[in-house]
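Given next are the chains, with one letter for each unit.
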Amino acid sequence: MECTGRGIMWNKLSRWQVLLWWHNFFILWSTIDAQTRYSIPEELKQGSVVGNIARDLGLLVPELFRRKMRITSEAGKQYFNVDLGKGELLVTDRIDREELCGQRPSCLLPLELVIDNPLQVHRVEIEIQDTNDHSPSFLTKEKVVKIAELVNPGARFPLESATDPDVGANSVRTYLISKNEHFKLTVKNLKDGRKIPELVLEKALDRETQAVHNLILTAVDGGDPVRSGTSEIKVIVLDINDNAPQFEKQIYEANVSERSAIGTEILQVKASDADEGLNGQIEYVFAEQTSDIILSLFDINPSTGLITVKGVLDHESDSLHRFDVTAKDKGNPEMDGHCGVEIKINDVNDNNPEIVVTSLTTPVPEDSAIGTVIAIISTRDADSGDNGKVTLTLSPKSQFKLNPSISKHFSLVTNGPLDRETNSQYSVKITASDSGKPPLTSEKTIIVQILDVNDNPPVFSQSSYAVYVKENNAPGLMLCSVSASDLDSGENAKISYSILDSKVQDVSVSSYVYINSDNGSIYSMHSFDYEKLKVFQIQVQAKDQGSPSLSSNATVHVFILDQNDNTPAVIYPSSAALGSLSHQRMPRSAKAGHLVTKVTAVDADSGHNAWISYRLAEATDASLFTVNQYTGEVRTKRAVYEQDDSSQRLLIEIKDDGQPVQSATATVSILLEDGLHEPILDLRHKMSEPSKKTGRITLYLILSLASVSVLSLVTFLILAVKCIRGTRSSGSCCMRRSDCDDYKNPSRNLQIQLNTDGPIKYVEVLGGDMMSQSQSFRSCMSPMSEYSDFTLIKPSSTTDFKEVISVLDASLPDSTWTFESQQVSEFKVGHGVSKNMKCLNVLSTVNRSMIVKTENILL
C-alpha cells in the first residue's frame, strides 16, 4: 500500500531538488506484520511532518492524549515526536544518514509507538533516504607516480580511489583526468562495486624530453547536482629499472576471528620482480591511502608480506576491512606493484543479550484477568547469526508468562490469579539466552506492584462478645470495645463501626448504647436497672471504605449484674406490709413450739441480694417467742404462764444478704386470750344451721367440687402413668424422647453450683450457649407445704435437666425432683420435701443457665 505523505517540509533545497525528491523519495508507509514504514530524505528541517501516524494506524486523534501515545527508539537518540493534537509524526532533530548508517545501502530507524488502555505496541520504521550532501574526496591531495621511461605503452598504474559518504547514485560514479598526450584514464570496477581509477600509458615517455607530467584526477558522483573532488597526479619519469613487481593475485581474501590475539597470522601476499639485484628485491608496505584504522588493526612484514593482527578486532564495529598493499623494488628508479586485501571478521559470541523493557504497567489490580498485559519487552544482541538469536524464559511457577509479539518483542502477561494479601509485589526474573556456543545469558528483574482491590471483609477478633455491667451504672460508661481487622490496604482497610438497629423491650437499641465509629468503643446511654432488664444483645457491624464496601457483624451480649438496691418488702401479715401494727391472737393454753404466725418478705433483687433472714429485734417478753431465721415463723419458746402479759409486742427485723445490707421491720401485736377456740366452735355451730335455700346451694357446690375433684384425680392418674412410662424409657425426665435426646448434648458444658456456707440456699445451673433468652421466675409455697411445684416458661432448650436432678438429689437426699414437659416452651418442675420446705425460687435463666434458689430448707 502506497500513499503520498502531506506536510513534509524542509529548507535550503532548490526547486529542482524538491521535484527530484518527489520523484524518487516520496513518503511511503506500509503495514507488514504490524509494521508501518515511512521514507524521508535526510537533513529535514526540525518540525517537518513525516506523516499522519494516527490516520495510518487507524487511531482516533482525540484518544491519543488519553491513551498516552509515546515513542521509544532503539537508536538511543530521539529524532521524532508525535503531535498528539494532530496525530502527526514530526522531525525533532537533525538527521544525518551518513552519521547513522555509514555506507550501508539501507538506513532504517526503528521506532516503537506505545499506547495504553489497552496496551498496544506499533513498530514503525523510518527509511532515511540519502541526499547528495557530500562531495567525493581523496585521502591525499597529491599522488606521485613514478614511471620508468622504458615502460611500454599500455602499462597501467593504479591511482587512489576517492571516497564519498553518500551511497547509491550519490556515491562516486566515475573519474576524469586532465587531457595529456601520454596518458589516459580507465576505471576498473571491482565485484564489491568499488571503482578504481587506473592511469594508462598511451605514448612512450622520454625523460630527457619531459621529466615530470602534472595531471588533475577528478572524481564525480551521480547526484543531482553533480558533486566532484580532485587530486593532483604528479608523474615522474624514471630511468633504467623497467620491471615492476607483480602480485600473484589482484585480490587477497581471508577470514579471521574477532577474538584473534595480537600477532595472529592472517594471510601472506606475494609479488615477484623479473629484474635482478636491487631491482628485483621487493619490500611490502600498506598503500599510501590506507586509513589509520587499518594501520592500527593490522601489520605487514615488509620482507615476507605476512599480514598479522596488530589491534583488537570487533565484528560488531566492522565486519569487513579492505585495504591495498604495495610491493616496491629497490631499483633506480623504484618500481612498485599493487594488490587489494579483504579481511572478514568472523563473529564470536562475545556479547551478552540485552533485555529492554519498552513499557511497564504497574501497579496491577489484583483482580486482573488472566492474560492482562503487564509489560512490553524487547531483546538486543550485538552478535550476528545464531549468536544474535535470543530467547527469553521466566522463573518456574511464575504468576506471569511471556507471549511472543512482533520481531524480537514479547508481552509479559498474567498467567494466574493475583492476591495482594499474599504478595504485595512480584519480582519477575527474566532470563535472556542467545544461541551461541557456549550460549551467553543475562537477567533482568521486573518489580510488579499489586494494587489492592477490596476483596476482604473486616473480621472481628471474636465472633461474639460478653459484657457484664453493674446496674445503676453512670450514663456514658464504656461497656467494652470491639475490634476488627481487614487484610486489604489503604481505604479498603479503613473500618468504621456501627450498631445495627434492633429492639430491646420494644425500644430501639440505639437508646441504650452508642458506639464510637472509629475505635469500636461501646458506651451506655443511661443507667441500667437489673430488675427491669437483665440481658440484651447488640449487633455491631464493621464496614470498610472500599468500593463496593464489605462488612461483617458480631454479637455483643450485655449482661446486667444485680446490685443490692432493693430493701425486703413484707407481704405477710398484710397489715405489717402496709406499715401498721399487725394484730394476732393466741390462746394461753399454747404449748412450746406453737406456731403463732409467719412473717413473709420478698426482695426484688436476686442471688445473695435476695436471700432474706429474720431476727427478733425487740419483744415484750423475749423468753416467750422466737422467730425462725430462714422461714420467718413466729413460735412459742415455752408454755404461757399466768403472769405473762396478755398483750405482747414483737419487732421483727428482716435483712437481705447483700452488700450493703438492706433491711426492713415488721411489728406484730399478739393478744393472749383464754378459750380462744370457743368462738370458732360457735361459728361452726351457727354455720351448720343454714336455711333450706342455703342448704341447696351448698349441696350443689359440694357436687360440683366432687366432680372437679374426680376429674382432676383421673387426669392426674393419666399424667402419672405417662410420666412413669416416660421415666422408664428416658431415665430421669418426663419429657418427650426427642426433647430428652436434645438435652443430652454434652457440648453445652452444663455446670451446677451450690452454696457451701451452711444450709443450701440456692442452686445455679449454667449452660454454654450465649444466644439463649433470659427470664426470672419465682414461686413461693404455703408455710406448711410438703409438696410444691412451679412452671418455667421458655427455658433453655439445651439444658440437661437430668444433670440438674442428679445434683439436687445428691444435695437433698430426702427430696424428690421431677421435670414434666407440658409443651415445647414450658416445663414444670416439682419438688417434694420430706422435711419442712418452705419456698423455692427460680431466680433467672441467663446465658442458657437456670438459677434455682431454695429458701428455708431445714435439713
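Above this text is the structure in question.
Residues numbered from 1 in each chain as written. Predicted model: local features only at pLDDT ≥ 70, side-chain atom pairs only at ≥ 80, totals over all residues. Heavy atoms only, no water.

Topic: the nonpolar core
Part 1: One finds Ile522 and Val556 to be the most contacted residues of the largest nonpolar core, which totals 27 residues.
Part 2: Within the residue set of this core, elements represented by two or more residues are strand 33 (464–470), strand 34 (478–481), strand 36 (495–499), strand 39 (513–515), strand 41 (535–544) and strand 42 (551–561).
Part 3: In contact with valine 556, not counting residues within four places along its chain, are Tyr465, Val467, Cys480, Val482, Ile522, Phe536, Gln537, Ile538 and Val540.
Part 4: Within the second largest apolar cluster, 26 residues are counted, among which are Leu57, Leu64, Phe80 and Cys107. (Core = buried A, V, L, I, M, F, W, Y, C linked by side-chain atoms within 4.5 Å. Buried < 20%, exposed > 50% of the residue type's maximum accessible area, 1.4 Å probe, protein only. Helix = DSSP H or I, 4+ residues; strand = E, 2+ residues; numbered from the N terminus. Contact = heavy atoms within 4.5 Å.)

Quick word on the state of the cysteines
Part 1: Within this structure, the stated rule accounts for 1 disulfide.
Part 2: Here cysteine 101 engages in a disulfide with cysteine 107; their sulfurs sit 1.9 Å apart. With the S-S bond torsion at 60°, the cross-link from cysteine 101 to cysteine 107 turns out right-handed. For the residue pair cysteine 101 and cysteine 107, the accessibility class agrees, reading buried in each case. (Disulfide = S-S within 2.5 Å.)

Some thoughts on a nonpolar patch on the surface
Part 1: Residues Leu699, Tyr700 and Leu703 make up a contiguous nonpolar surface patch of roughly 330 Å² in combined accessible area.
Part 2: Mapping leucine 703 onto the fold places it in helix 8 (residues 692–730).
Part 3: Given the relative accessible area of 48%, leucine 703 is considered partly exposed. (Patch = residues over 30% accessible without salt bridge, like charges linked within 9 Å, V, L, I, M, F, W, Y side chains within 5 Å. Areas by Shrake-Rupley, 256 points an atom, 1.4 Å probe, with all protein chains shown as cover. Salt bridge = Lys/Arg side-chain N within 4 Å of Asp/Glu carboxyl O.)

Some thoughts on the sheet that holds strand 42
Sheets are built from strands paired through backbone hydrogen bonds, the pairs being either parallel or antiparallel.
Part 1: Read from one edge to the other, the open sheet built from 4 strands follows the order 33-42-41-36, with strand pairing classed as mixed. A strand with exactly one partner marks an edge of an open sheet, and here the two such strands are strand 33 and strand 36. The mean inter-strand angle of the sheet, taken between neighbouring strand axes irrespective of direction, is 25°.
Part 2: With 7 bridges connecting them, strand 33 and strand 42 associate as parallel partners. Each bridged residue has a counterpart across the sheet, and for alanine 466 the counterpart in strand 42 is histidine 557. (Pairing = 2+ DSSP bridges. Axes fitted to C-alpha atoms, helices over the stretch in contact; angles between N-to-C directions.)

Let's talk about the pairing of strand 40 (residues 521–524)
Part 1: Across the two faces of strand 40 the burial is the same, with Ser521 and Tyr523 and Ile522 and Ser524 all buried.
Part 2: When strand 34 meets strand 40, the two strands line up antiparallel, connected through 3 bridges. From the neighbouring strand, cysteine 480 faces strand 40, where its bridge partner is isoleucine 522.
Part 3: Two elements, strand 39 and strand 40, share 3 bridges in a ladder whose sense is antiparallel.

Considerations on the sheet that holds strand 22 (residues 320–329)
Part 1: Across the sheet, 4 strands lie side by side as 16-23-22-19; this open sheet has mixed pairing. Two strands bound the open sheet, and with one partner strand each, they are strand 16 (251–257) and strand 19 (282–286). Strand-to-strand, the axes of this sheet are offset by a mean angle of 30°, without reference to chain direction.
Part 2: The sheet contact formed by strand 19 and strand 22 spans 5 bridges and is antiparallel.

Description of the environment of glycine 263
Part 1: One can find glycine 263 in the loop between strand 16 and strand 17 (265–268).
Part 2: Glycine 263 sits 47 residues away from lysine 310 along the chain, and the two C-alpha atoms are 6.2 Å apart.
Part 3: The contacts of glycine 263, once residues within four sequence positions are left out, are Thr308 and Val309.

Regarding a negative patch on the surface
Part 1: Side chains of Glu283, Glu288, Glu334 and Asp336 sit close together on the surface and give a patch of like negative charge.
Part 2: Tracing the backbone shows glutamate 288 in the loop between strand 19 and helix 5 (292–297). (Lys, Arg positive; Asp, Glu negative; His and termini not counted. Charge placed at Lys NZ, Arg CZ, Asp CG, Glu CD.)

Comments concerning unusual backbone geometry
Part 1: A cis amide bond, omega -5°, links lysine 437 with the succeeding residue proline 438.
Part 2: By the secondary structure assignment, proline 438 is in the loop between strand 30 (425–434) and strand 31 (441–451).
Part 3: The omega torsion of the bond from tyrosine 572 to proline 573 falls at -5°, within 30 degrees of zero and hence cis.
Part 4: Here proline 573 shows up in the loop between strand 43 (569–572) and helix 6 (574–577).
Part 5: Even without a glycine there, the phi angle at glutamate 43 is positive, about 65°.
Part 6: In this fold, glutamate 43 is placed in the loop between strand 1 (35–41) and strand 2 (49–52).
Part 7: Look at asparagine 117: it is not a glycine, yet its phi comes out positive at around 55°.
Part 8: Relative to the helices and strands, asparagine 117 is located in the loop between strand 6 (108–115) and strand 7 (120–129).

Things to note about the pairing of strand 28 (residues 400–404)
Part 1: As paired elements, strand 28 and strand 29 (residues 409–414) share 5 bridges and run antiparallel to each other. Bridge pairing in strand 29 places phenylalanine 400 opposite threonine 414.
Part 2: The hairpin formed by strand 28 and strand 29 contains 4 residues between the paired strands, and lysine 408 there has a positive phi angle of roughly 60°.

Some points on the environment of leucine 295
Part 1: Structurally, leucine 295 can be placed in helix 5.
Part 2: With 15 residues separating them along the chain, leucine 295 and lysine 310 place their C-alpha atoms 8.2 Å apart.

A few points about the pattern of salt bridges
Part 1: Across all of its chains, the model carries 20 salt bridges by this definition.
Part 2: The salt bridge involving aspartate 621 is made with arginine 638; its shortest N-O contact spans 2.9 Å. Here aspartate 621 is found in the loop between strand 47 (613–619) and strand 48 (625–627), whereas its partner arginine 638 is found in the loop between strand 49 (633–636) and strand 50 (647–655), with 17 residues between them in sequence.
Part 3: Note that aspartate 644 and arginine 638 form a salt bridge whose closest N and O atoms lie 3.1 Å from each other.
Part 4: For arginine 638, a relative accessible area of 14% corresponds to the buried category.

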